[in-house]
Structures are given as C-alpha cells and as structure tokens.
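# Overview (structure and organization)
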Amino acid sequence: MRVFVIDASNVGPELQAGLIGVVGSVFPDAAEKRECVETVARYAADGWAIAADPRTLIGRLAALTAETACVPFVAFDRVARHGRLAVASPPFDVSLRGMG
C-alpha cells in the first residue's frame, strides 16, 4: 500500500486540514488491509481528508474508514470523470456495485 500527500492548498475549506491519497495492490492481503485501516484512521484523527478509488478493495476500505472517522472522502474515479475534485461528505455511498 502507498500513501501520498496531495496539495489541497487551493481547494475548498473542507480539505484545508490536509489530503492523503491511498492506493494498494489489486488483491490486498490481511496485512495490507490492516495497514490501510491503521494509516487512514491515524491521518483522519488529525483531520486529514482521504482520497482513494472506491472501485478497488483498498479504496473501499479507505472510504469506509474515512466515513467512520467522519472526515471528507475524495473519490479518484470521480476526479477522472469530472476533471476536478468531487468531495463526498459523510455519509457517502461506497457500495459494491460493479465489483462482481
């Protein structure tokens, strides 16, 4: 799993505390899933927003962890589709549609 900081200085106030991106392997093992939850929870506790692709397993896990922590979530698939950040304020839909 990789975590990276995204510059959100020119984005709306809901992301001013910071924004991290989370990406992982296609088929994450238990250790990678645990690392995702622990990492996202740690950043969320400090007020960081979370960005990931909710169409992936790690992305959905990051989204659910962000929702649990009540921090904003940015869906990478929406950024690609709309060409701009699309912030989802909790609660948001991270359903499994289209994943099977």
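From a predicted model like this one, the values you see are computed outputs, not experimental measurements.

Reading the values: rules and limits
Residues numbered from 1 in each chain as written. Predicted model: local features only at pLDDT ≥ 70, side-chain atom pairs only at ≥ 80, totals over all residues. Heavy atoms only, no water. Helix = DSSP H or I, 4+ residues; strand = E, 2+ residues; numbered from the N terminus. Buried < 20%, exposed > 50% of the residue type's maximum accessible area, 1.4 Å probe, protein only. Contact = heavy atoms within 4.5 Å. Areas by Shrake-Rupley, 256 points an atom, 1.4 Å probe, with all protein chains shown as cover. 1 Å grid on protein atoms, 1.4 Å probe; cavity = no way out; pocket = protein on both sides within 12 Å on 5 of 7 lines; lining within 4 Å. Points joined across faces, edges and corners; volume = space filled by probe spheres on them. Nonpolar A, V, L, I, M, F, W, Y, C, P; charged D, E, K, R; others polar. Salt bridge = Lys/Arg side-chain N within 4 Å of Asp/Glu carboxyl O. Patch = residues over 30% accessible without salt bridge, like charges linked within 9 Å, V, L, I, M, F, W, Y side chains within 5 Å.

### Some words on the overall build of the protein chain
Summing up its helical and strand segments, the protein chain has 3 helices and 5 strands in all. N-terminal to C-terminal, the α/β element order of the protein chain is β-β-α-β-α-β-α-β. Each of the 100 residues in the protein chain was classed as buried or not, and the buried ones make up 36%. Long-range pairs, those at least 24 residues apart, make up 49% of the contacts in the protein chain with a sequence separation of at least 6. Accessible surface for the protein chain amounts to roughly 5700 Å². Of this, 55% is attributable to carbon and sulfur atoms.

### Details of unusual backbone geometry
Its identity is not glycine, yet Cys70 carries a phi of approximately 60°, on the positive side. Assignment of secondary structure puts Cys70 in the loop between α2 (57-69) and β4 (73-75). Accessibility expressed as a relative area gives 61% for Cys70, which makes it exposed.

### Describing the layout of surface pockets
Considered as a void within the structure, the second largest pocket measures approximately 160 Å³ in volume. Around the second largest pocket, the lining is made up of 13 residues, and of these Gly24, Ser25, Val26, Thr56 and Leu57 lie nearest the centre. If you list the elements that add at least two residues to the lining of the second largest pocket, you get β2 (19-23) and α2. Within the lining of the second largest pocket, the residues separate by chemical class into 8 nonpolar, 3 polar and 2 charged.

### Remarks on the pattern of salt bridges
Using the criterion set out here, one finds 1 salt bridge in the structure. The partner of Arg55 in a salt bridge is Asp53, and the shortest N-O contact between them spans 2.9 Å. By relative accessible area, Arg55 is classed as partly exposed at 48%. Under the relative-accessibility criterion, Asp53 is labelled buried at 16%.

### With respect to a nonpolar patch on the surface
A surface patch of nonpolar side chains, amounting to about 360 Å² of accessible area, comprises Val26, Phe27 and Leu57. On the secondary structure map, Val26 appears in the loop between β2 and α1 (30-45).

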